[in-house]
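Observations on the three-dimensional arrangement
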Amino acid sequence: QVQLVESGGGLVQAGGSLRLSCAASGARFSVYSIGWFRQAPGAEREFVARISWKGDSIYYTDSVKGRFTISRADAQNMVYLEMNSVKREDTAVYYCAAPMHPFIYGGVSSGSYTYWGQGTQVTVSS
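Residues numbered from 1 in each chain as written. Predicted model: local features only at pLDDT ≥ 70, side-chain atom pairs only at ≥ 80, totals over all residues. Heavy atoms only, no water.

1. Focus on the pairing of strand β1 (residues 3-7)
Rules: Only protein chains enter the accessibility calculation, which uses a 1.4 Å probe; a residue is then buried when its area is under 20% of its type maximum, exposed when over 50%, and partly exposed in between. Here a strand is any run of E in DSSP of at least two residues, a helix any run of H or I of at least four, and the numbering for each starts at the N terminus. Strand pairing is assigned whenever DSSP detects at least two bridges linking the two strands.
Residues Leu4 and Glu6 of β1 are buried on one face, while the alternating residues Gln3, Val5 and Ser7, pointing to the opposite face, are not. Both β1 and strand β3 (residues 18-25) contribute to a ladder of 5 bridges, which runs antiparallel. Bridge pairing links Gln3 to Ser25 in β3.

So this is what it looks like as structure tokens:
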């Protein structure tokens, strides 16, 4: 089983930057892919980015390409989401997630993931 905890959210000015962290425990972190999702008020949960267990396969949703960067630091049991040039539409609760099994890439659907953190709020002001 994998336990995930997000942190790093907060209030940020439009055009600014923020780094979110996803800390994992309870399993061998380095063999799990990690996805980032977000959910804005009144909206459905949507895919943001995913990094493979090896770190060699990375996907982004079109709306964040060129602005967000996903990375992992396995020695620290961490996956990061660096958010740059943030926009008001980036305001949401951000979640990290892991698939049911190790060595699975995971997709862009929330149904591809089994383990979820509690989320961290990101609010972009303008």
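There is more to say, and it comes next.
2. Considering the environment of Ile34
Which entries qualify depends on this criterion: Contacts between residues were defined by any pair of non-hydrogen atoms, one from each residue, lying within 4.5 Å.
Within the secondary structure, Ile34 is located in strand β4 (residues 34-39). For Ile34 and Tyr113, which are 79 residues apart along the polypeptide, the C-alpha to C-alpha distance reads 8.7 Å. Residues contacting Ile34, with those up to four places away along its chain left out, are Leu4, Cys22, Phe29, Ala49, Arg50, Ile51, Ile70, Arg72, Val79, Cys96, Ala97 and Ala98.

3. Re the pairing of strand β8 (residues 78-83)
As paired strands, β3 and β8 are joined by 6 bridges and run antiparallel to one another. Looking across to β8, one finds that Ala23 is bridged to Met78. Sheet topology places strand β7 (residues 68-73) next to β8; 6 bridges connect them, and they run antiparallel. Within the sheet, the bridge partner assigned to Phe68 lies in β8 and is Met83.

4. Description of the side chain of Ser33
Filter applied, for reference: Whenever a nitrogen or oxygen atom comes within 3.5 Å of another N or O atom, the pair is scored as a polar contact, on the condition that within protein one atom can donate a hydrogen and the other can accept it, and that pairs from neighbouring residues in sequence are kept only if both atoms are in side chains.
With respect to the helices, strands and loops of the structure, Ser33 is situated in the loop between β3 and β4. Ser33 gets classed as buried once you look at its relative accessible area, which sits at 0%. Polar side-chain contacts of Ser33 include one of 2.7 Å to the backbone oxygen of Ile104. Within the structure, the side chain of Ser33 is placed 3.4 Å from the backbone oxygen of Tyr105, a separation counted as a polar contact. Beyond its immediate sequence surroundings of up to four residues, Ser33 is in contact with Ile51, Ser52, Trp53, Arg72, Ala97, Ala98, Pro99, Ile104 and Tyr105.

5. Here we look at the packing of aromatic side chains
Test applied: Geometry of aromatic contacts follows a simple scheme: Phe, Tyr and Trp rings, the Trp one being its six-membered ring, pair when their centres are within 6.5 Å, and the pair is stacked under 30 degrees between planes, edge-to-face over 60, tilted otherwise. Whether a charge sits over a ring depends on NZ of Lys or CZ of Arg being within 6 Å of the ring centre and within 35 degrees of the ring normal.
According to the stated counting rule, one finds 6 aromatic pairs in the structure shown. For the pair Phe37 and Tyr113, a centre-to-centre distance of 5.3 Å together with 75 degrees between the ring planes defines the contact as edge-to-face. Of the two residues, Phe37 is situated in strand β4 and Tyr113 in the loop between β9 (92-98) and β10 (115-116); the sequence distance between them amounts to 76 residues. Phe37 sits in the buried class, given a relative accessible area of 1%. Between Tyr113 and Trp116, the aromatic rings sit 6.3 Å apart at their centres with planes inclined by 70 degrees, giving edge-to-face as the arrangement. When its relative accessible area of 6% is taken as the criterion, Tyr113 is described as buried. In this structure Trp116 comes out as partly exposed when scored by relative accessible area, which is 25%. Three or more aromatic residues joined by ring pairs form one cluster here, namely Phe37, Phe47, Tyr95, Tyr113 and Trp116. Geometry around Tyr95 places Arg45 over its ring, the cationic atom sitting 3.8 Å from the centre.

6. A closer look at the nonpolar core
Here is the rule we go by: Nonpolar core, defined: a set of buried Ala, Val, Leu, Ile, Met, Phe, Trp, Tyr and Cys residues in which side-chain atoms within 4.5 Å join the residues together.
The biggest cluster of nonpolar side chains holds 29 residues, and the ones touching the most others in it are Leu4, Ile34, Trp36, Leu81 and Tyr94. Listing elements by their share of this core, those giving two or more residues are β3, β4, β5 (46-51), β7, β8, β9 and β11 (120-125).

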